[in-house]
Amino acid sequence: MNVGRIVPRAGAGAQEGYAPELLYATFNQDYGCFAIGTQTGFRIFNSDPYKEKMRREFKDGGIGIVAMLYRSNYLAFVGGGRNPRFPPNQVMLWDDASSKIVAELEFRSDVLNVQLQRDRIVIAQRNKCIICSLETKPRHLHAFETADNDRGVMAISNSSESGILAFPGRQKGHIQIVDLHSCVNLSTGPQDSAGALAIHTDTAPSHPTGESIQRSRSRARGSFSAEGPNGAQGSTQSSALAHPTNINIIAAHATAISALAVSFDGAMVASASEKGTLIRIFDTMSGRLLHELRRGVDRADIYSIAFSPDGTKLCVSSDKGTVHIFNLEFNQNVGQHMQSGAAPLPGGNGAAAVGGNGGGSNKQSMFKFMKDLLPKYFSSEWSFTHFRIANEVRCICGFGTERNSVIVLCADGTAQKYSFDSYRGNCVREWYRRFI
């Protein structure tokens, strides 16, 4: 989340309460950690339980974008703030084990977003999405043209086994789906082991004890001028681009894409448009519409969308100061459990557990049975629960390590944890911490 540059929206009032030193905030791939970029460096925190794990202060400038590689010693940076440490058109790969830059990628235009996977680094620019290999001498694997994407919108499946990338298509409101595992550079062959990164991971899956990111030996710094054939800048390491075999185009919305999320297993992609009233979820392989979820009736700026690790829930944050939680798969075992005459399941009474607007199912209009005759609004599904952020500032959300919990990172420099009841839909704020 870029908290230093507010994307204007017609009719939106000025928002106050922002932490002036905070430039960027983002979760790692499993939401277990989060990182922030500041006017003077970066910091990494454990999400839940909340704990600062490390911080690095630089004397010569700020970090405007930071991307984590799970819990490893590698991060990607783009400069930002009043005095950027790096140019906005360069991505720097940082090895915290040696506290040095081990690779850099330079582009002809500004970088708006960066995502890391085990063997890939993906860069979003205003009209392009570029895929490179993740190594000390990065290789340019592929570049895709996009519609105007001033937010740098893109998303990657968070599981290390899957590699589904989603980003805006060439036409407004369209989504491109690419299988990163099919993006292999045909001209250079397998990755040279001499350029491979020594990735060390904090293996504690849920509750790390706060140790610093593990150390690895330092490596020589590699540089890479990464542009496609229409924007070449100096020499690149790949004369022939990759040829992905699995590409899907989804016509998702009538207006521009404003937010994307891909499920952990890569099976689903969720999208919102600049209108911000509907969240649509599609099958990434077939492009089939699976769910159409209504956030509200009024226009809204969607800040973030996140799937739960099991893909059964979705949380959405917006400029309305609310976080909505949707159910994507109602547990039929609950109904079977109640029909068997057994005692109600924990967390809800029998009536709420088996249908209606209870049982954790999304709310629906009482006129849904007339959906073929009435406007589309009456066939929508609303969130089964939601909560309001105290200061109503820009925020991103992700599911916590505890069941039925959500972590929210806010532009006022606070992290908050909320828990919700799967059946009754009640939400409670568990804690509130200031991280800057």
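Overview of the structure. What you see is a predicted model; the values in this text were computed from it and never measured.

1. Focus on the nonpolar core
Then, in step 1: Phe77, Val91, Val114 and Ile121 are the most contacted members of the largest nonpolar core, which has 37 residues in total.
Then, in step 2: Residue contacts for Val114: discarding those within four places in its chain leaves Ile65, Ala67, Ala76, Val78, Val91, Ile121, Val122 and Met154.
Then, in step 3: Counting 31 residues, the second largest nonpolar core, distinct from the first, contains Leu22, Phe264, Cys315 and Phe420.

2. Quick notes on the sheet that holds strand E12 (residues 140-145)
Hydrogen bonding along the main chain pairs the strands of a sheet, whether they run parallel or antiparallel.
Then, in step 1: Read across the sheet, four strands follow the order E9-E10-E11-E12 without closing on themselves; strand pairing throughout is antiparallel. Each of the sheet's edge strands pairs with one partner strand only, and the pair in question is strand E9 (113-116) and E12. For this sheet, the mean angle separating the axes of adjacent strands, direction not counted, is 15°.
Then, in step 2: In the sheet, strand E11 (residues 128-133) pairs with E12 via five bridges, with the strands oriented antiparallel. Along E12, the bridge assignment pairs Cys132 with His140.

3. With respect to the environment of Leu93
Then, in step 1: If you trace the backbone, Leu93 turns up in strand E7 (residues 90-95).
Then, in step 2: Assessed through its relative accessible area of 3%, Leu93 is described here as buried.

4. Things to note about the environment of Phe42
Then, in step 1: Along the chain, Phe42 turns up in strand E3 (residues 41-46).
Then, in step 2: A relative accessible area of 0% places Phe42 in the buried class.
Then, in step 3: Sequence separation between Phe42 and Val66 is 24 residues; the distance between their C-alpha atoms is 7.8 Å.
Then, in step 4: With residues up to four places along the chain from it excluded, the contact list for Phe42 reads Ile36, Met54, Arg55, Arg56, Phe58, Leu75, Phe77, Trp94 and Asp96.

5. A closer look at unusual backbone geometry
In most cases, non-glycine residues show a negative phi, while peptide bonds are predominantly trans.
Then, in step 1: Following Asp48, the chain continues to Pro49 via a peptide bond in cis, the omega torsion being 5°.
Then, in step 2: Residue placement: Pro49 occurs in the loop between E3 and strand E4 (51-57).
Then, in step 3: The residue Tyr70 is not glycine, and still its phi comes out positive at about 55°.
Then, in step 4: Position of Tyr70 relative to the elements: it lies in the loop between strand E5 (62-68) and strand E6 (74-80).
Then, in step 5: Non-glycine residue Asn404 carries a positive phi angle of around 55°.

6. Quick word on the packing of aromatic side chains
Then, in step 1: Scanning the model with the defined rule gives 16 aromatic pairs in all.
Then, in step 2: Centroid distance Phe42 to Phe58: 6.1 Å. Interplanar angle 45°. Geometry classified as tilted. Of this pair, Phe42 sits in strand E3 while Phe58 sits in the loop between E4 and E5, and the two are 16 residues apart along the sequence.
Then, in step 3: For Phe58, a relative accessible area of 12% puts it in the buried group.

7. What about the sheet that holds strand E14 (residues 164-168)?
Then, in step 1: Read across the sheet, four strands follow the order E13-E14-E15-E17 without closing on themselves; strand pairing throughout is antiparallel. Lying at the two open borders of the sheet, with one neighbouring strand each, are strand E13 (155-156) and strand E17 (247-251).
Then, in step 2: Note: E14 against strand E15 (residues 174-179), five bridges, orientation antiparallel. From the neighbouring strand, Ala166 faces E15, where its bridge partner is Ile177.

8. Overview of the side chain of Thr385
Then, in step 1: Structurally, Thr385 is set in strand E27 (residues 385-388).
Then, in step 2: Judged by its relative accessible area of 5%, Thr385 falls in the buried class.
Then, in step 3: A distance of 2.3 Å separates a polar side-chain atom of Thr385 from the backbone oxygen of Gly425.

So, how was this worked out
- Residues numbered from 1 in each chain as written.
- Predicted model: local features only at pLDDT ≥ 70, side-chain atom pairs only at ≥ 80, totals over all residues.
- Heavy atoms only, no water.
- Core = buried A, V, L, I, M, F, W, Y, C linked by side-chain atoms within 4.5 Å.
- Buried < 20%, exposed > 50% of the residue type's maximum accessible area, 1.4 Å probe, protein only.
- Contact = heavy atoms within 4.5 Å.
- Pairing = 2+ DSSP bridges.
- Helix = DSSP H or I, 4+ residues; strand = E, 2+ residues; numbered from the N terminus.
- Axes fitted to C-alpha atoms, helices over the stretch in contact; angles between N-to-C directions.
- Phe/Tyr/Trp six-rings, centres within 6.5 Å; stacked < 30°, edge-to-face > 60°.
- Polar contact = N/O pair within 3.5 Å; in protein donor to acceptor, adjacent residues only side chain to side chain.

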